[in-house]
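Descriptive analysis of the structure
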Number of protein chains: 2
Amino acid sequence: MKIENPSPIQWHFAQRAEQLQSSFIREILKITQRPEVISFAGGLPSPATFPVEQMKAAFDQVLTLQGKVALQYGPTDGYGPLREWIANSLSTGGVKIMPEQVLMTSGSQQALDLLGKVLIDEGSRVLVETPSYLGALQAFSVYRPEFVSVDTDDDGLVPQSVATVAEGARMLYALPNFQNPTGRSLSIARRVELVETCARLGLPLIEDDPYGALSYRGAPAPKMLAMNPAGVIYMGSFSKVLTPGIRLGYVVAPLPLLRRLELAKQAADLHTAQLTQMVVYQVIKDGFLDTHIPTISALYGNQCQVMLDAMAEHFPASVSWTKPEGGMFIWVTLPKHIDSMKLLDEALAQHVAFVPGAPFYANAPESNTLRLSFVTVPPEKIREGIAKLGKLLATKV
Amino acid sequence: MKIENPSPIQWHFAQRAEQLQSSFIREILKITQRPEVISFAGGLPSPATFPVEQMKAAFDQVLTLQGKVALQYGPTDGYGPLREWIANSLSTGGVKIMPEQVLMTSGSQQALDLLGKVLIDEGSRVLVETPSYLGALQAFSVYRPEFVSVDTDDDGLVPQSVATVAEGARMLYALPNFQNPTGRSLSIARRVELVETCARLGLPLIEDDPYGALSYRGAPAPKMLAMNPAGVIYMGSFSKVLTPGIRLGYVVAPLPLLRRLELAKQAADLHTAQLTQMVVYQVIKDGFLDTHIPTISALYGNQCQVMLDAMAEHFPASVSWTKPEGGMFIWVTLPKHIDSMKLLDEALAQHVAFVPGAPFYANAPESNTLRLSFVTVPPEKIREGIAKLGKLLATKV
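Residues numbered from 1 in each chain as written. Chains lettered and ligands numbered in written order. Predicted model: local features only at pLDDT ≥ 70, side-chain atom pairs only at ≥ 80, totals over all residues. Heavy atoms only, no water.

A closer look at the sheet that holds strand β2 (residues 102-105) of chain A
All names here are of chain A. As summarised here, the arrangement of the seven strands in space is β2-β10-β9-β8-β7-β3-β4, forming an open sheet in which the pairing is mixed. With one partner strand each, in any of the chains shown, β2 and β4 (146-149) form the two edges of the open sheet. Adjacent strand axes in the sheet meet at a mean angle of 20°, parallel and antiparallel pairs treated alike. Relative to strand β9 (residues 232-237), strand β8 (residues 205-208) runs parallel, the two sharing four bridges. Residue pairing for β9: I206 is matched across the bridge by I233. (Pairing = 2+ DSSP bridges. Helix = DSSP H or I, 4+ residues; strand = E, 2+ residues; numbered from the N terminus. Axes fitted to C-alpha atoms, helices over the stretch in contact; angles between N-to-C directions.)

Quick look at the relation of the copies chain B and chain A
Of the transformation superimposing chain B on chain A, the axial component is 0.0 Å and the angular component is 180°, with the fit at an RMSD of 0.0 Å. Expressed as a symmetry operation, the mapping of one chain copy onto the other fits a two-fold axis. (Least-squares fit on C-alpha atoms with pLDDT ≥ 70 in both.)

Looking at unusual backbone geometry
Across the junction of T130(B) and P131(B), the peptide omega takes the value -5°, indicating a cis bond. Within the secondary structure, P131(B) is located in the loop between β3 (125-128) and α5 (134-141). The amide bond that connects N180(B) to the next residue, P181(B), takes the cis arrangement and shows omega of 20°. Among the secondary structure elements, P181(B) is positioned in the loop between β7 (169-174) and α7 (188-201). Of note in the backbone geometry, H351(A) takes a positive phi value of approximately 65° without being a glycine. Within the fold, H351(A) resides in the loop between α10 (340-349) and β13 (352-353). One non-glycine residue, R247(B), lies in the positive phi region at around 55°. Positionally, R247(B) belongs in the loop between β9 (232-237) and β10 (249-252).

Quick notes on the pairing of strand β4 (residues 146-149) of chain B
Residue and element names in this part refer to chain B. Across four bridges, β3 lies against β4 in parallel orientation. Bridge assignment links V128 to a residue of β4, and that residue is S149. Note that the unit made of β3, α5 and β4 has a crossover that is right-handed. (Right-handed = clockwise from strand over helix to strand, strands pointing away.)

Regarding the pairing of strand β10 (residues 249-252) of chain A
Residue and element names in this part refer to chain A. Residues G249 and V251 of β10 are buried on one face, and the alternating residues Y250 and V252, pointing to the opposite face, are buried as well. Sheet topology note: the β2/β10 ladder contains four bridges and is antiparallel. Bridged to T105 within β10 is G249. (Buried < 20%, exposed > 50% of the residue type's maximum accessible area, 1.4 Å probe, protein only.)

Regarding the domain arrangement of chain A
Residue and element names in this part refer to chain A. Each assigned domain of chain A is listed here: domain 1 (16-51 + 290-394) and domain 2 (70-287). The straight-line distance from the C-alpha centre of domain 1 to that of domain 2 is 24 Å. Facing the 38 residues of domain 1 at the interface are 33 residues of domain 2. Taken together, domain 1 and domain 2 are joined by one salt bridge. (Domains from an automatic or database assignment. Contact = heavy atoms within 4.5 Å. Salt bridge = Lys/Arg side-chain N within 4 Å of Asp/Glu carboxyl O.)

Dropping the structure here:
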């Protein structure tokens, strides 16, 4: 039945398809997954924290009691009881978030794509931190914005610098808690100033918060959403507090925006798996996260300290780094003359991996930076890998 | 901590967000889900066909044996063994499809979105059948194409009409098997002619095939993919042969396109849930679909015949309809003067629902058409609902 001698297709792709680039991180992850490599490159949570038994029991229960519903098409906005749980969990300090403001997404990456789709025209200005989350830059860049970098210092994003670049901007995208890639958090004073600044400018503020719950020292910082629910768009995820492989996140937005996001989601994939949402609700509805999250924070906090101690012991004095109080990442700044992309080749030759910092910058990359993750590497391997990196750096400074 | 008197945001949405419209079908489904309504409006498969026990056993097994892997982030292209299974199932008649050509998606709706994202610039010509699948029109329209309708007759899409409108087109989108909304199928001769025409024109041909396996009479028709794998993009789904709520579909494409689709998917949601893919593979790998699909086809074929018989008995002579040999839908053409949108109001007053045909047309809607689905309604209710519709129509002709 095959036809004879078809002409090959001369593909004519959309202009936006020319923007598409593979995440540099996902590319190097392929190299670094070899067992002999001590990899600080990953952005993956530790599988040791996945509540496999609880998930298994919940799948069994949901399929037993509501199998036909769980396996049928579902509503675009998401599973009602889970949206209500999320709205309640975000309603603090006198602020009331309504379930209608919550849209369930296929991981919070999809929320980034939907926000880009609904808010960005070609050439629209989008304000981002310096550096920022690579996955967000990747998702937004499909819609061909002009990225504008907001100044940051050792304490994170500088709110005063926003007004100078906000003219005509469609949004400001920020990760206030244990930021990926730097591990930095915004102080409460800066959060208030940032929220006030954006409110004054009428600038939508995206608060991306996948790591906020993973604080090593007490309660998480107050959310910017709670400071101005009419102007802040909040993104959350179950990837870091439960498991990422189920692809479940959410976005909370003022209703005019949420309605557009919901329509964009309907066109993009109809809805996120009903079964997954019912199972997650079943796992968390009676307070499981209250006892589970502290075990994740304790594990990560311990491994973070092991890495920080090893860095203090082995890294040359001219190298500096952040001291995260939560989350999954440490950000390292090398002397200006060291290109971390070249350093990676030498490190890989010694079976140690990290992520070079340059891809995290929307503009003007600083090539003397790199990101380290400590969450999936056991303490003795952290010490061994950092010692090797330290020796390598000592030959460069 | 809430800030004082924030100014409300003057939302500035992207131009494409102005294109977003809720699916008319999803809107009327909200009305028609009341228990007293006999609804032929649904596009949902029958929950009676969902293999709940098999799914439950597979979730248990996958989580028991490979829980940590199943719950971790996974590759963007999908779960290897499942992609291999799909490639093998499509490798027939001397045509070899490689697993590398398969991209797993979050339902086949996502494949539509990704194809739009990668192939459509504003104003790009996209050829569609008349009428066509509403979800595809919705997904593509986000990217602001110019839809061009290809002629159809009682036997479906007319291949000769393609060349006259193909100039500069980015793709032709077709459902050759038991089309949604008409239930029509393309003859083998037309398939060959269509594939040859598109190959000669260098026009990418999208073969969307969610219903192909649901043939009431023997083996499914040959796939257009097999006639020219270098020029046909094939879309498949587990929604109609297993269960839709898990959101699992796939797209098979020549490598230059597949690579772009994969990058677009990475930006859109990183990957489709690993656990879901492993579970589906577990359920189907030993031939389950070979025995399961005939039970679905038998159920739907029986209910289709009940509906056709009832229509022959109750509908006026001036009304005509398709006689599907598979799938989920019958398409009805009323006398020109009857507007099915208005008819719906009167039908709903009598607790019978259907989907008016106009929204399925990209251009020049024919308002005297409507779609009926028979798959979720028991035979006695089909007879009752069709009798009521027939009486109502008798007052109009």
